[in-house]
Amino acid sequence: MSKFLNIFLPAASGTALALGLAFGLAGRDYNKSTIESLEIQLDQANARTSAAQNTSDAQNEVVQALQDRLTTVEANLAAAASQIGSVAEPAPLKADTYQIGRLALSEEIAAWDVDVLPDGRGLPVGSGDVFTGEEVFADQCAACHGDFAEGVDNWPVLAGGFDTLADEDPIKTVGSYWPHLSTVWDYINRSMPFGAAGTLTADETYAIVAYILYSNDMVDDDFVLSQENFADFEMHNKDGFVLDDRAETEYAAWRTEPCMKNCKEEVEVTMRSVFLVETPPEGGSNSVMNSATIDGLPSFSATGPAFIPAATVAPKAPAATKAIVEEVSAEDQEAQLINDGKKVFKKCRACHEVGEGAKNGSGPHLNGIVGRTMGSVDGFKYSKVFAAALDDGLVWDDEALASFLEKPKSYMKGTKMAFSGLKKASDQQAVIEYLRTIGE
Amino acid sequence: MDEMSKTSRRAFLRGSAAVAAGTAAGTVSAQTPDPAITELQDWASYLGAGVDETPYGLPISFESDVIRRNVEWLTASPISSINFTPIHALEGTITPQGCAFERHHSGAIELHKDDYRLMINGLVDRPLVFTYEDLERLPRENHVYFCECAANTGMEWAGAQLNGVQFTHGMIHNMEYTGVPLRTLLKEAGADISLDKWVYVEGADASSNGRSIPMEKALDDVLVAFKANGEALRMEHGYPVRLVVPGWEGNLWVKWLRRIEITDRAVESREETSKYTDVYEDGVARKWTWVMDAKSVITSPSPQMPITHGAGPMVISGLAWSGHGQITRVDVSKDGGITWETARLGKQGDTKALTRFYLDTEWDGAPMLLQARAMDDTGYVQPTKEQLREQRGENAVYHNNCIQTWYVDVEGKAENVEVS
């Protein structure tokens, strides 16, 4: 932007110089011819000035136009840059290193680097047989996976399911699905038992793996697994995996301009949600079977729904709500009341402090107010009506507090308290209950 | 549409306009003064909460239903389970950490920064150990990325299942991460970065979730992240350090990252063989299906966000994302995919991050079959469920990025449905 200004500035200063000369000369006492000559010169200067002014105006317009243009270009550039989304420079990578971090010790690497590769690299020396495995499994694994690795509840099934992978609900077990034995050993060793990971010995892990193979009828009961025969063992589904082929099977076909109009003749709802999901205030969710069917739902065509179903009357609130309210215990009600009172007290706390270290403000502190003698807080300058109440020994009992809170100025005529009162009896009670919880 | 149904539709529209008492027909006139305006309200008179009342702020109580929720029967135990982001109630694109979905294999652990160690070993010149403090001394970057569990929408392979976008599409969050590029750490250790090598990453929790990442991706955009949305990661998202693997399935985003090992082949851990593989109809499984393909969903209206205002102007709002790059376009259909309109992108999203889209439209009060269809900068068009099933069958669990349909009835209620 400044580049354009620099180009046009000399023209503008030239104009100023011409004007200065013209006015300067006109003021001197010369003879007539000189005056005439000067007048002519002045006229010429004025003409030039005017011309220069016109030129300058025109040039200024150009400057302005170019500036506007530049502003637009810059804005477009900024917008484009923000759309690219990667104007931020990447973190620099030094030619050499930062020398951050320290060398890992071999003991440290040994402690953490325990993963096992499909070819058996990473396995420690050890062995385990099926019978030992059965014992360890019963002890450490069966609670979730079942005595026969059949799985309890939703916990994983480890055995069986052979030849089900092409079925509607394939059963993916260690036997039917896992392609590498190394994965079984590695996972049990690092992540199992659930809740006590890393506590199995190498021999125990070998034994458990041997037992899982036995549960899958993949070995006989005299089988012993060790680091020596491990790599030879082939899993049932070792050839059951291919690499991600979406690029060929899907992307190639699905990277096309999509249809926008009349893409289908008719659309029907073929299935409604199996579960309605309730979302209770306390969190979680409840799944409830949806009894609605697809009957009565319109099909759609390019002109819209085939018919408009009648609106159903909104169901009434379930009667159960009332019963639930009645079941709330007395303790819960009390806690609720105190909690409500704490909220209502927000109206009071601009003037009244409570709790540890509460001081007098515009009003006296209210620690221990319930049961306190009126006008009795040291250091607070009460109005006359409270000074009189103190003399009479009046006490802030529940009734007095409620009456005062309802209409302060009528209960204690002459009180300095500007508060207009709590209209609702429930608010008065809540505040009193809250204040009762605050001791001296 | 035949003559009779046309007539009935017009009759309905007349009727609904009358019932809606002006909501559909322009500005409403109030009959009586609104006490919310004419009466002095408590909040306009009494004092509110002081500063420091909540040193770390939480959402106001009125929003207490906007929370993560789980579906108990999906898993054996909440310790090894998942819950769902309340995407129906969120707007814009950034997911607040406090309601971003959680997925643990052995529960969320409390690991103090002072106890944090990150090891790099394997095919490296210098096996190294980094402390948390070390990581903050290395050049770092900020990027917004989505993290989607590969199982998001997985239930829907078998048809319309759970009625709520939180439950069908809520295994996703989108945060701004701060972290050190993985390539910086690899270089620091003098790793063998030839492209046939793998980077195996492992967590510090009891599950010690481990995944193998091909070197090309590791050198590209993977981050070793220690902040999200400007603050420390939450415990449930891997505090103090997690891996961020942009555009790839969430299981690779190892939490409580403790070890990076350079290997000459994939480890083929439990999570990359027995899980996170897709069995197609013929019983053959696809492995290493890392990228999350382009996907979108309408978040409002949706089953948890019915239309409550009756016919008239409305905003259809939703999210779109692609693990391949940027979302370039989202189309919305109100008739189950017969007719499409191009939606407005709220703001051009970052690459591999959520993009918000809007269709500013008019509801005539008639039923709708709402769908959204995303396109990314590779030209990929989000497929229908039918297209996906033709390719993969119904036995897959992961990577369901199909077009989702909501049936909106005349009352504005929305339901998860499947259409022909």
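Here the residue numbering is sequential within each chain, running from 1 through the sequence in written order. The order in which chains are written sets their letters, starting at A; the order in which ligands are written sets their numbers, starting at 1. For a predicted model such as this one, the threshold for reporting local features is a pLDDT of at least 70, and the threshold for listing and counting side-chain atom pairs is 80 or more; totals across whole chains, interfaces and linings nevertheless cover every residue.

**Regarding the overall build of chain A**
Phase 1: Helix numbering and strand numbering both begin at the N terminus, where a helix is a DSSP run of H or I of at least 4 residues and a strand a DSSP run of E of at least 2. Counting secondary structure elements, chain A contains 14 helices and nine strands.
Phase 2: In chain A, of all internal contacts separated by at least 6 residues, the share reaching a separation of at least 24 is 55%. C-beta atoms are first placed from the backbone for all residues, and any pair lying within 7 Å is then listed as a contact.

**Here we look at the sheet that holds strand 8 (residues 198-203) of chain B**
Phase 1: DSSP bridges decide pairing: two strands pair if at least two such bridges lie between them. Taken together, six strands build an open sheet; the order of strands is 1(A)-4(B)-3(B)-13(B)-8(B)-9(B) and the sheet is mixed. Each of the sheet's edge strands pairs with one partner strand only, and the pair in question is strand 1 (102-103) of chain A together with strand 9 (210-214) of chain B.
Phase 2: Looking at chain direction, strand 1 of chain A and strand 4 (residues 128-131) of chain B are connected through two bridges and run antiparallel. Paired with Leu103(A) across the strands is Leu128(B), a residue of strand 4 of chain B.

**Points about helix 7 (residues 202-215) of chain A**
Residues and elements named next belong to chain A.
Phase 1: A helix is expected to span 1.5 Å for every residue after the first. The terminal C-alpha atoms of helix 7, which comprises 14 residues, lie 20 Å apart, in line with the 20 Å expected from a rise of 1.5 Å per residue.
Phase 2: Partly exposed residues are those whose C-beta has more than 12 but fewer than 20 other C-beta atoms within 10 Å; 20 or more makes a residue buried and 12 or fewer makes it exposed, with C-beta atoms placed from the backbone. In terms of burial, helix 7 is largely enclosed, as twelve of its 14 residues are buried.
Phase 3: Each element contacted by the buried residues of helix 7 is listed here: strand 2 (127-129), helix 4 (130-140), helix 6 (181-191) and strand 3 (224-226).
Phase 4: Remark: Asp217 follows helix 7 within two positions and exhibits a positive phi of approximately 55°.

**Quick word on the interface of chain A and chain B**
Phase 1: Counting from both sides, the interface comprises 93 residues of chain A and, opposite them, 101 residues of chain B.
Phase 2: The leading source of residues in the side of chain A that touches chain B is helix 6 of chain A, at five residues.
Phase 3: Side-chain classes follow a simple rule in which Ala, Val, Leu, Ile, Met, Phe, Trp, Tyr, Cys and Pro form the nonpolar group, Asp, Glu, Lys and Arg form the charged group, and the remainder, Gly included, forms the polar group. Class assignment for the residues of the side of chain A that touches chain B results in 50 nonpolar, 24 polar and 19 charged.
Phase 4: In this sheet, strand 24 (residues 414-419) of chain B lies alongside strand 5 (residues 269-272) of chain A in antiparallel orientation, the contact comprising three bridges. Across the sheet, residue Met271(A) finds its bridge partner in strand 24 of chain B, namely Glu418(B).

**Regarding the confidence of the model for chain A**
Residue and element names in this part refer to chain A.
Phase 1: Per-residue confidence for chain A gives a mean pLDDT of 84, with 82% of residues at or over 70.
Phase 2: Note on scores: pLDDT gives the predictor's confidence for each residue, bounded by 0 and 100. Note on residues 1-30: pLDDT under 50 across the span, and 32 contacts to partners over four residues away in sequence or across chains.
Phase 3: Taken together, the stretch residues 316-325 has pLDDT below 50 and engages in zero contacts with residues farther than four places along the chain or on a different chain.

**Quick notes on the environment of Glu341(B)**
Residue and element names in this part refer to chain B.
Phase 1: Locating Glu341 in the fold gives a position in strand 19 (residues 341-342).
Phase 2: Along the sequence, Glu341 and Pro139 sit 202 residues apart, while their C-alpha atoms lie 44 Å from each other.
Phase 3: Glu341 has contacts with Asp331, Val332 and Leu359, leaving out every residue within four places of it along the chain.

**Observations concerning helix 8 (residues 385-392) of chain B**
Residue and element names in this part refer to chain B.
Phase 1: Buried residues of helix 8: Lys385, Leu388 and Arg392, and no others. Burial along helix 8 is one-sided: seen end-on, the buried residues are contained in an arc of 65°.
Phase 2: If you follow the buried residues of helix 8, they end up packed against strand 14 (278-279) and strand 24.
Phase 3: Directly after helix 8, the chain includes Gly393, whose backbone phi takes a positive value near 80°. Note: the arc covers the axis-to-C-beta directions of the helix.

**Some details on the environment of Asp350(B)**
Phase 1: Tracing the backbone shows Asp350(B) in the loop between strand 20 (344-345) and strand 21 (355-363).
Phase 2: With 126 residues separating them in the primary sequence, Asp350(B) and Val224(B) have C-alpha atoms 19 Å apart.

**Observations concerning the domain arrangement of chain B**
Residues and elements named next belong to chain B.
Phase 1: Domain borders in the structure are assigned automatically or taken from a domain database. On domain assignment, one finds that chain B holds domain 1 (72-286) and domain 2 (295-417).
Phase 2: Averaged C-alpha coordinates put domain 1 and domain 2 at centres separated by 27 Å.
Phase 3: Facing 31 residues of domain 1, the contacting portion of domain 2 comprises 32 residues.
Phase 4: For the side of domain 1 that touches domain 2, the secondary structure elements donating two or more residues are strand 5 (141-148), strand 6 (162-163), helix 5 (165-169) and strand 14.
Phase 5: The biggest single contributor to the side of domain 1 that touches domain 2 is helix 5, with four residues.
Phase 6: Across the side of domain 1 that touches domain 2, the residue classes break down as 16 nonpolar, twelve polar and three charged.

**Here's the deal with the confidence of the model for chain B**
Residues and elements named next belong to chain B.
Phase 1: Per-residue confidence for chain B averages 93 on the pLDDT scale, and 94% of its residues sit at or above 70.
Phase 2: Under a pLDDT of 50 for its full length, residues 1-25 has, in the predicted model, 28 contacts with residues more than four places off or in other chains.
Phase 3: Two summary scores accompany this predicted model of the complex, namely pTM at 0.79 and ipTM at 0.90.

**Quick notes on the sheet that holds strand 24 of chain B**
Phase 1: As summarised here, the arrangement of the six strands in space is 5(A)-24(B)-23(B)-22(B)-18(B)-19(B), forming an open sheet in which the pairing is antiparallel. Of all strands in the sheet, those with a lone pairing partner are strand 5 of chain A together with strand 19 of chain B, marking the two edges.
Phase 2: As judged from the four bridges shared by strand 22 (residues 368-376) of chain B and strand 23 (residues 405-408) of chain B, these two strands associate in the antiparallel manner. Bridge pairing links Gln371(B) to Thr405(B) in strand 23 of chain B.

**Focus: unusual backbone geometry**
Phase 1: Cis geometry marks the peptide bond from Tyr239(B) to Pro240(B), where omega comes out at 5°.
Phase 2: If you trace the backbone, Pro240(B) turns up in the loop between strand 11 (231-232) and strand 12 (242-244).
Phase 3: In this structure, Pro301(B) follows Ser300(B) across a cis peptide bond, with omega equal to 0°.
Phase 4: Along the chain, the position of Pro301(B) falls in the loop between strand 16 (295-300) and strand 17 (312-321).
Phase 5: In this structure, Asp163(A) is a non-glycine residue whose phi angle is positive, near 60°.
Phase 6: The phi angle at Asp217(A) is positive, at roughly 55°, despite the residue not being glycine.
Phase 7: As for its placement among the helices and strands, Asp217(A) is situated in the loop between helix 7 and strand 3.
Phase 8: Here Asp217(A) falls in the exposed class, since 11 other C-beta atoms lie within 10 Å of it.

**A closer look at the packing of helix 10 (residues 330-344) of chain A against helix 14 (residues 425-436) of chain A**
Residues and elements named next belong to chain A.
Phase 1: Lines are fitted to the C-alpha atoms to define the axes, a helix being fitted only along its stretch in contact, and any angle between axes, read from their N-to-C directions, falls within 0 to 180 degrees. Close contact between helix 10 and helix 14 brings their axes to 7 Å; oriented N to C, the two are set at 100°. Here helix 10 is positioned roughly perpendicular relative to helix 14, judged by the angle of their axes. Of the residues in helix 14, those touching helix 10 at Leu337, Ile338, Asp340, Gly341, Lys342 and Val344 are Asp427, Gln429, Ala430, Val431, Glu433 and Tyr434.
Phase 2: Here the residues of the contact of helix 10 with helix 14 sort into six nonpolar, two polar and four charged. Angular relationships are summarised with four words: roughly parallel below 35 degrees, roughly antiparallel beyond 145, roughly perpendicular across 65 to 115, and oblique for the angles in between.

**Focus: the pairing of strand 16 of chain B**
All names here are of chain B.
Phase 1: Most of strand 16 is tucked away, with six of its six residues classed as buried.
Phase 2: Direction of pairing for strand 16 relative to strand 17: antiparallel, over a ladder of five bridges. By the bridge assignment for strand 17, Ile298 is matched with Gly318.

**A closer look at the nonpolar core**
Phase 1: Defined on buried residues, the nonpolar core groups Ala, Val, Leu, Ile, Met, Phe, Trp, Tyr and Cys residues joined through C-beta atoms within 7 Å. Among the nonpolar cores identified, the biggest contains 146 residues, and Val209(A), Ile212(A) and Val224(B) are the most heavily contacted of them.
Phase 2: Here this core takes nine residues from helix 7 of chain A, the largest share from any one element.
Phase 3: When sequence neighbours within four positions are dropped, the list of residues in contact with Val224(B) reads Leu135(B), Gly179(B), Val180(B), Leu182(B), Leu185(B), Val241(B), Leu243(B) and Leu257(B).
Phase 4: Ranked by size, the runner-up nonpolar core spans 16 residues in total, among them Leu366(A), Leu405(A), Met412(A) and Leu435(A).

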